[in-house]
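Here are the chains, one letter per residue:
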Amino acid sequence: LGLGNPGAEYRNPRHNVGWWCMDELVRRTGAELSRKRKELRFAEVDLRGNQVVLAYPRTFMNRSGLALSYLTNRFNTGPEKILVVTDDINLAPGSVRIRSKGGPGGHNGLKSIITALGTNEFPRVRIGVGIPDSAAEQVDHVLGTFDPASRELVSAATLRAADAIEMIVNGEFENAMNKFNGNGETSKTQ
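Residues numbered from 1 in each chain as written. Predicted model: local features only at pLDDT ≥ 70, side-chain atom pairs only at ≥ 80, totals over all residues. Heavy atoms only, no water.

### Regarding the nonpolar core
Leu-54, Ile-98, Val-125, Ile-127 and Ile-165 are the most contacted members of the largest nonpolar core, which has 37 residues in total. Of all the elements in the fold, those that place two or more residues in this core are helix 1 (17-29), strand 2 (40-47), strand 3 (50-57), strand 5 (96-99), strand 6 (124-128), helix 5 (148-169) and helix 6 (173-180). Among the elements that take part in this core, helix 5 stands out by supplying 8 residues, more than any other. Not counting residues within four places of it along the chain, the set of residues in contact with Val-125 comprises Leu-83, Val-84, Val-85, Thr-86, Val-96, Arg-97, Ile-98, Ala-161, Ile-165 and Ile-168. Listed in part, the 16 residues of the second largest apolar core include Ala-67, Leu-68, Val-84 and Ile-114. (Core = buried A, V, L, I, M, F, W, Y, C linked by side-chain atoms within 4.5 Å. Buried < 20%, exposed > 50% of the residue type's maximum accessible area, 1.4 Å probe, protein only. Helix = DSSP H or I, 4+ residues; strand = E, 2+ residues; numbered from the N terminus. Contact = heavy atoms within 4.5 Å.)

Here it is, written out as C-alpha coordinates:
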(Lines give C-alpha, C1' and ligand atoms only; values in the text may rest on other atoms or scores of the structure.)
Protein backbone atom coordinates (compact mmCIF):
# COMPACT_ATOMS: atom_id res chain seq x y z
CA LEU A 1 0.00 0.00 0.00
CA GLY A 2 1.59 3.23 -1.15
CA LEU A 3 0.43 6.17 0.94
CA GLY A 4 -0.57 9.45 -0.65
CA ASN A 5 -3.42 11.87 -1.15
CA PRO A 6 -5.78 11.62 -4.13
CA GLY A 7 -6.23 14.40 -6.67
CA ALA A 8 -4.08 16.15 -9.25
CA GLU A 9 -3.13 18.92 -6.82
CA TYR A 10 -1.40 16.34 -4.59
CA ARG A 11 0.61 14.60 -7.32
CA ASN A 12 3.94 16.29 -6.55
CA PRO A 13 3.99 17.10 -2.81
CA ARG A 14 6.35 15.33 -0.44
CA HIS A 15 3.45 13.46 1.16
CA ASN A 16 2.89 11.43 -2.02
CA VAL A 17 6.26 9.71 -2.40
CA GLY A 18 4.61 6.42 -1.37
CA TRP A 19 2.56 6.72 -4.57
CA TRP A 20 5.70 7.53 -6.57
CA CYS A 21 7.18 4.22 -5.45
CA MET A 22 3.96 2.39 -6.31
CA ASP A 23 4.08 4.05 -9.75
CA GLU A 24 7.49 2.46 -10.29
CA LEU A 25 6.23 -0.99 -9.23
CA VAL A 26 3.23 -0.61 -11.54
CA ARG A 27 5.60 0.32 -14.37
CA ARG A 28 7.87 -2.68 -13.65
CA THR A 29 5.00 -5.16 -13.55
CA GLY A 30 2.89 -3.65 -16.32
CA ALA A 31 -0.03 -3.67 -13.89
CA GLU A 32 -3.37 -2.21 -14.86
CA LEU A 33 -5.12 -0.70 -11.89
CA SER A 34 -8.51 -1.73 -13.15
CA ARG A 35 -9.88 -2.68 -9.75
CA LYS A 36 -11.42 0.36 -8.17
CA ARG A 37 -13.39 0.83 -5.01
CA LYS A 38 -14.35 4.06 -3.35
CA GLU A 39 -11.53 3.46 -0.83
CA LEU A 40 -8.72 2.45 -3.20
CA ARG A 41 -7.56 1.30 -6.60
CA PHE A 42 -5.43 -1.80 -6.92
CA ALA A 43 -4.11 -4.58 -9.10
CA GLU A 44 -3.12 -8.17 -8.43
CA VAL A 45 0.27 -8.75 -10.06
CA ASP A 46 3.21 -11.10 -10.27
CA LEU A 47 6.26 -9.52 -8.65
CA ARG A 48 9.39 -11.64 -8.97
CA GLY A 49 7.29 -14.82 -9.04
CA ASN A 50 5.08 -13.82 -6.11
CA GLN A 51 1.42 -12.83 -6.29
CA VAL A 52 0.98 -9.42 -4.66
CA VAL A 53 -1.53 -6.59 -4.60
CA LEU A 54 -0.32 -3.10 -5.46
CA ALA A 55 -2.70 -0.53 -4.00
CA TYR A 56 -3.26 3.22 -3.81
CA PRO A 57 -5.74 4.54 -1.24
CA ARG A 58 -8.37 6.87 -2.68
CA THR A 59 -8.92 8.27 0.80
CA PHE A 60 -6.95 11.16 2.17
CA MET A 61 -3.84 10.32 4.15
CA ASN A 62 -5.47 10.43 7.58
CA ARG A 63 -7.99 7.75 6.47
CA SER A 64 -5.51 5.30 4.93
CA GLY A 65 -6.57 2.62 7.41
CA LEU A 66 -10.00 2.53 5.77
CA ALA A 67 -8.45 1.54 2.44
CA LEU A 68 -6.23 -1.03 4.09
CA SER A 69 -9.16 -2.55 5.97
CA TYR A 70 -10.85 -3.36 2.68
CA LEU A 71 -7.71 -5.17 1.45
CA THR A 72 -7.13 -7.12 4.66
CA ASN A 73 -10.74 -8.31 4.63
CA ARG A 74 -10.87 -9.12 0.93
CA PHE A 75 -7.60 -11.06 0.89
CA ASN A 76 -7.76 -12.37 4.48
CA THR A 77 -4.35 -10.88 5.14
CA GLY A 78 -2.61 -10.47 8.48
CA PRO A 79 -0.50 -7.41 9.34
CA GLU A 80 2.78 -9.26 8.74
CA LYS A 81 1.87 -9.64 5.04
CA ILE A 82 1.18 -5.94 4.55
CA LEU A 83 3.89 -3.59 3.34
CA VAL A 84 3.25 0.14 3.62
CA VAL A 85 5.33 2.63 1.61
CA THR A 86 5.33 6.17 2.94
CA ASP A 87 7.13 9.49 3.25
CA ASP A 88 9.07 10.33 6.41
CA ILE A 89 9.94 13.83 7.61
CA ASN A 90 12.50 12.49 10.07
CA LEU A 91 14.76 11.28 7.26
CA ALA A 92 16.87 13.32 4.87
CA PRO A 93 15.68 13.52 1.26
CA GLY A 94 16.77 10.41 -0.60
CA SER A 95 17.00 8.17 2.47
CA VAL A 96 15.26 4.81 2.65
CA ARG A 97 14.43 3.09 5.93
CA ILE A 98 12.88 -0.38 6.19
CA ARG A 99 11.36 -1.62 9.44
CA SER A 100 9.24 -4.59 10.47
CA LYS A 101 7.22 -2.52 12.96
CA GLY A 102 7.13 0.82 14.69
CA GLY A 103 5.09 3.77 15.78
CA PRO A 104 3.57 6.39 13.52
CA GLY A 105 6.31 8.96 14.08
CA GLY A 106 3.72 11.72 13.76
CA HIS A 107 2.51 10.41 10.37
CA ASN A 108 -1.29 10.53 10.15
CA GLY A 109 -1.46 7.82 7.49
CA LEU A 110 0.48 5.42 9.70
CA LYS A 111 -1.67 6.41 12.70
CA SER A 112 -4.79 5.50 10.72
CA ILE A 113 -3.33 2.15 9.65
CA ILE A 114 -2.22 1.29 13.19
CA THR A 115 -5.74 2.06 14.42
CA ALA A 116 -7.35 -0.02 11.66
CA LEU A 117 -5.06 -3.01 12.23
CA GLY A 118 -4.97 -2.74 16.01
CA THR A 119 -1.19 -3.17 15.91
CA ASN A 120 1.97 -1.37 14.83
CA GLU A 121 3.59 -4.67 13.85
CA PHE A 122 3.50 -4.44 10.07
CA PRO A 123 6.45 -3.85 7.74
CA ARG A 124 7.01 -0.48 6.16
CA VAL A 125 9.36 1.23 3.74
CA ARG A 126 9.87 4.90 4.54
CA ILE A 127 11.32 7.40 2.08
CA GLY A 128 12.93 10.54 3.49
CA VAL A 129 11.46 13.87 2.42
CA GLY A 130 13.48 16.15 4.66
CA ILE A 131 12.96 17.69 8.05
CA PRO A 132 10.76 20.80 8.37
CA ASP A 133 12.28 23.83 10.08
CA SER A 134 9.78 23.55 12.95
CA ALA A 135 6.84 21.44 14.10
CA ALA A 136 4.53 24.32 13.18
CA GLU A 137 5.67 24.00 9.55
CA GLN A 138 5.13 20.22 9.32
CA VAL A 139 1.83 20.32 7.38
CA ASP A 140 3.10 22.94 4.91
CA HIS A 141 6.28 20.91 4.51
CA VAL A 142 4.62 17.59 3.61
CA LEU A 143 2.11 19.30 1.32
CA GLY A 144 4.88 21.35 -0.33
CA THR A 145 7.01 20.33 -3.28
CA PHE A 146 10.71 19.59 -3.55
CA ASP A 147 13.44 21.87 -4.82
CA PRO A 148 15.11 20.34 -7.93
CA ALA A 149 18.08 18.82 -6.05
CA SER A 150 15.90 17.19 -3.38
CA ARG A 151 13.43 15.99 -6.03
CA GLU A 152 16.28 14.17 -7.80
CA LEU A 153 17.41 12.51 -4.55
CA VAL A 154 13.86 11.41 -3.65
CA SER A 155 13.12 10.14 -7.17
CA ALA A 156 16.25 7.96 -6.94
CA ALA A 157 15.14 6.81 -3.47
CA THR A 158 11.76 5.68 -4.81
CA LEU A 159 13.60 3.43 -7.29
CA ARG A 160 15.74 1.98 -4.48
CA ALA A 161 12.59 1.50 -2.39
CA ALA A 162 10.99 -0.41 -5.28
CA ASP A 163 14.12 -2.60 -5.46
CA ALA A 164 13.85 -3.19 -1.71
CA ILE A 165 10.18 -4.12 -2.02
CA GLU A 166 11.03 -6.71 -4.67
CA MET A 167 13.54 -8.25 -2.26
CA ILE A 168 11.06 -8.17 0.64
CA VAL A 169 8.34 -9.84 -1.43
CA ASN A 170 10.90 -12.50 -2.33
CA GLY A 171 11.42 -13.31 1.37
CA GLU A 172 14.61 -11.27 1.78
CA PHE A 173 13.48 -8.77 4.42
CA GLU A 174 16.73 -8.77 6.41
CA ASN A 175 18.83 -8.53 3.24
CA ALA A 176 16.72 -5.59 2.06
CA MET A 177 17.23 -3.85 5.41
CA ASN A 178 20.98 -4.42 5.24
CA LYS A 179 21.25 -3.27 1.63
CA PHE A 180 18.93 -0.26 1.59
CA ASN A 181 18.75 1.21 5.11
CA GLY A 182 20.95 4.22 5.61
CA ASN A 183 21.51 5.35 2.03
CA GLY A 184 22.70 8.86 2.79
CA GLU A 185 20.26 9.37 5.63
CA THR A 186 20.47 11.56 8.66
CA SER A 187 17.71 11.24 11.18
CA LYS A 188 16.54 13.35 14.09
CA THR A 189 15.30 10.18 15.78
CA GLN A 190 18.43 8.04 15.77
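Don't stop here, the text continues.
### Observations regarding the packing of helix 1 against helix 5
Contact pair helix 1 / helix 5: the axes reach a minimum separation of 9 Å and the direction vectors enclose 55°. By the angle class used here, helix 1 and helix 5 are oblique. Where helix 1 crosses over helix 5, the handedness of that crossing is right-handed. For the pair formed by helix 1 and helix 5, the contact residues are Val-17, Trp-20, Cys-21, Glu-24, Leu-25 and Arg-28 on the first element and Arg-151, Val-154, Ser-155, Thr-158, Leu-159, Ala-161, Ala-162, Asp-163, Ile-165 and Glu-166 on the second. (Axes fitted to C-alpha atoms, helices over the stretch in contact; angles between N-to-C directions. Parallel < 35°, antiparallel > 145°, perpendicular 65-115°, else oblique. Left-handed = near helix turned anticlockwise from the far one by under 90°.)

### Considerations on the packing of helix 2 (residues 64-75) against helix 3 (residues 108-117)
When two helices pack together, their arrangement is given by the angle between the helix axes and by the axis-to-axis distance. Axis separation between helix 2 and helix 3 bottoms out at 7 Å; the angle between their running directions is 40°. By the angle between their axes, helix 2 is oblique relative to helix 3. Once helix 2 is placed against helix 3, the crossing between them reads as right-handed. Between helix 2 and helix 3, the residues in contact are Ser-64, Gly-65, Leu-66, Leu-68, Ser-69 and Thr-72 and Gly-109, Ser-112, Ile-113, Ala-116 and Leu-117, respectively. Residues of the contact of helix 2 with helix 3, tallied by class, amount to 5 nonpolar, 6 polar and no charged. (Nonpolar A, V, L, I, M, F, W, Y, C, P; charged D, E, K, R; others polar.)

Interpretation in functional terms is not warranted from these geometric data alone.
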